[in-house]
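Chain by chain, the residues:
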Amino acid sequence: VPEGIDLKEEILRLKKEKNAIILAHYYTVGEIQEVADFVGDSLALARIAEGLDNDIIVMCGVHFMGETVKILCPEKKVLVPDLNAGCSLADSCPAPELEKFIKDHPGHTVISYVNTSAAVKALTDIVVTSGNAMKVVNSLPEDEKIIFGPDRNLGNYINSETGRDMVLWDGACHVHEKFSLEKILELKRQHPGAKILVHPECPAHVRIVADKVGSTAVLLDWACETDATEFIVATESGILHEMRRRCPEKTFIPAPPNDSTCACNDCSFMKLNTLRKLYLTLVHEAPEIHVDAAIIDRARRPITRMLSMS
Ligand code: 13P
Ligand code: SF4
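Just so it is clear, the model here is predicted, and its values are computed rather than measured. (Residues numbered from 1 in each chain as written. Chains lettered and ligands numbered in written order. Predicted model: local features only at pLDDT ≥ 70, side-chain atom pairs only at ≥ 80, totals over all residues.)

## Here's the deal with the nonpolar core
Then step 1. Counting 93 residues, the largest nonpolar core has Leu23, Val58, Ile232 and Ala234 as its most contacted members.
Then step 2. Every residue in contact with Ile232, bar those within four places of it in the chain, is listed here: Ile184, Leu187, Lys188, His191, Ala194, Ile196, Leu197, Ile253 and Ala255. (Core = buried A, V, L, I, M, F, W, Y, C linked by C-beta atoms within 7 Å. Buried ≥ 20, exposed ≤ 12 C-beta atoms within 10 Å, placed from the backbone. Contact = placed C-beta atoms within 7 Å.)

In structure tokens, the structure reads:
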């Protein structure tokens, strides 16, 4: 990176010059969200990717998000700032193991959370995100046999809300699993008027104290619309940037993890996206996401099915 350049200005210039668009998930750092053309949750990012006419799409998020964009826009150059930005939840469900699981449960409809590899999506009947999982499951006949993966917490949440008995894959997100109930309750004692916002990837013992459970976009909208002015936020801390931007008069307090003295719970994969790497990605048009054509063919159907259902 040349010394003394203004990274934000250069990113905006390169983006225009190359007819590129920058998409970012709410969990990326604030300065990435500030240069992005579109910031959203997993559902909104999949929706917007479907209709893009740019030559280059840069996905600032994690690897599976880049793959989802590539599956929806196979003819575009899809770039990510760091190929190492993985996802513990996606990693908890390797495609060969899921294939065996499906064989062991014949006659089941396979619903996979978007936080999965392209190869897992290719084995899936319907993809869902935290923003539409409940709606998609509710749209299926009550007696439909369902395999739901890989997030056992989201699966449990849907089972408990709908009375279904979906067979759950035993995976989880390392970030959402490690919120400390004790520390959340301590924050609640200090801020008795605060509402507790919880992502459904959190386990039941944390969800139980929530005033609102929902995807990042749902939590964001609810916090802005409700009369409350203070919130304890149990999801990845990147969301606080957009919460504070949209509702500057309200107070958002990050819920801490249980394994350190850190006040915030960060996804180290999401935080691999930096302005410097984004700049280099646009300069070199790399790293690029590649997905096998046969996988793209099979993985597109369950994603477009989700988009048409939600
Ligand atoms: P949503 O964007 O669907 O809320 O998902 C959260 C997440 O963990 C993304 O990695
Ligand atoms: Fe994956 Fe969890 Fe990070 Fe989301 S927050 S990208 S689910 S590890």
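There's plenty left to go through after this.
## Focus on the site of ligand 1
Then step 1. All residues in the neighbourhood of ligand 1 are listed as Asp41, Ser42, Leu43, Asn115, Thr129, Ser130, Gly131, Cys173, Glu201, Ser215 and Thr216.
Then step 2. Classifying every residue of the shell around ligand 1 by side-chain character gives two nonpolar, seven polar and two charged. (Near = placed C-beta within 6 Å. Nonpolar A, V, L, I, M, F, W, Y, C, P; charged D, E, K, R; others polar.)

## Some points on the sheet that holds strand 3 (residues 56-60)
Then step 1. On the basis of which strands lie adjacent, the open sheet formed by four strands has the order 2-1-3-4 and parallel pairing. This sheet does not close on itself; its edge strands, each paired only once, are strand 2 (38-40) and strand 4 (77-79). Geometrically, the sheet is characterised by an average inter-axis angle of 20° between neighbouring strands, direction not taken into account.
Then step 2. Two elements, strand 3 and strand 4, share three bridges in a ladder whose sense is parallel. Directly across from Ile56, in strand 4, lies its bridge partner Lys77. (Pairing = 2+ DSSP bridges. Helix = DSSP H or I, 4+ residues; strand = E, 2+ residues; numbered from the N terminus. Axes fitted to C-alpha atoms, helices over the stretch in contact; angles between N-to-C directions.)

## Some remarks on the site of ligand 2
Then step 1. Not every one of the 14 residues close to ligand 2 is listed here, only the nearest: Cys87, Leu89, Cys173, Val175 and Cys267.
Then step 2. Of all the elements in the fold, those that place two or more residues in the shell around ligand 2 are helix 5 (88-91) and helix 10 (174-177).
Then step 3. Among the elements that make up the shell around ligand 2, the one with the highest residue count is helix 10 (three residues).
Then step 4. Counted by class, the shell around ligand 2 contains nine nonpolar, four polar and one charged residues.

## A closer look at the domain arrangement of the chain
Then step 1. Each assigned domain of the chain is listed here: domain 1 (7-85 + 270-291), domain 2 (89-172 + 298-309) and domain 3 (179-254).
Then step 2. On a C-alpha basis, the centroid separation for the pair domain 1 and domain 2 is 26 Å.
Then step 3. Listed by partner, the interface residues are 12 residues for domain 1 and 13 residues for domain 2.
Then step 4. Elements represented by at least two residues in the side of domain 1 that touches domain 2 include exactly helix 3 (42-50) and helix 4 (63-72).
Then step 5. Class assignment of the residues belonging to the side of domain 1 that touches domain 2 gives a composition of six nonpolar, two polar and four charged. (Domains from an automatic or database assignment.)

## Examining the sheet that holds strand 9 (residues 195-198)
In any sheet, the strands associate via hydrogen bonds between backbone groups, in a parallel or an antiparallel arrangement.
Then step 1. Judged by pairing direction, the sheet is parallel, and its four strands sit side by side in the order 10-9-11-12 without closing on themselves. Since the sheet does not close on itself, it has two edges, and those belong to strand 10 (212-213) and strand 12 (251-254), each with one partner.
Then step 2. Helix 11 (residues 181-190) contacts strand 9, strand 11 (230-234) and strand 12 of the sheet and is inclined by roughly 175° relative to strand 11.
Then step 3. Each of strand 11 and strand 12 touches helix 14 (residues 239-246); the most contacted strand, strand 12, lies at about 170° to it.

## Topic: the pairing of strand 11
Then step 1. Of all five residues making up strand 11, four are buried, and the element is well covered by its neighbours.
Then step 2. Relative to strand 11, strand 9 is paired through four bridges, and the arrangement is parallel. From the neighbouring strand, Ile196 faces strand 11, where its bridge partner is Ile232.
Then step 3. Sheet topology places strand 11 next to strand 12; four bridges connect them, and they run parallel. Bridged to Glu230 within strand 12 is Thr251.
Then step 4. Taken together, strand 11, helix 14 and strand 12 form a β-α-β motif whose crossover is right-handed. (Right-handed = clockwise from strand over helix to strand, strands pointing away.)

## Some points on the UniProt feature "binding site: [4Fe-4S] cluster" (unreviewed entry) in the chain
Then step 1. Mapped onto the present numbering, the UniProt feature "binding site: [4Fe-4S] cluster" (unreviewed entry) falls on Cys87, Cys173 and Cys267. Over a stretch of 181 residues, the named residues converge on one spot in the fold, their C-alpha atoms separated by at most 9.4 Å.
Then step 2. Looking at the secondary structure, you find Cys173 in the loop between strand 8 (167-168) and helix 10.
Then step 3. You can call Cys173 buried: it has 24 C-beta atoms within 10 Å.
Then step 4. Contacts of Cys173, omitting those with residues within four sequence positions, involve Ser88, Leu89, Asp151 and Glu201.
Then step 5. Positionally, Cys267 belongs in the loop between strand 12 and helix 15 (275-284).
Then step 6. Excluding anything up to four places from it in sequence, Cys267 contacts Tyr27, Val175 and Glu236. (UniProt positions renumbered as here; feature names shortened; annotations may be inferred.)

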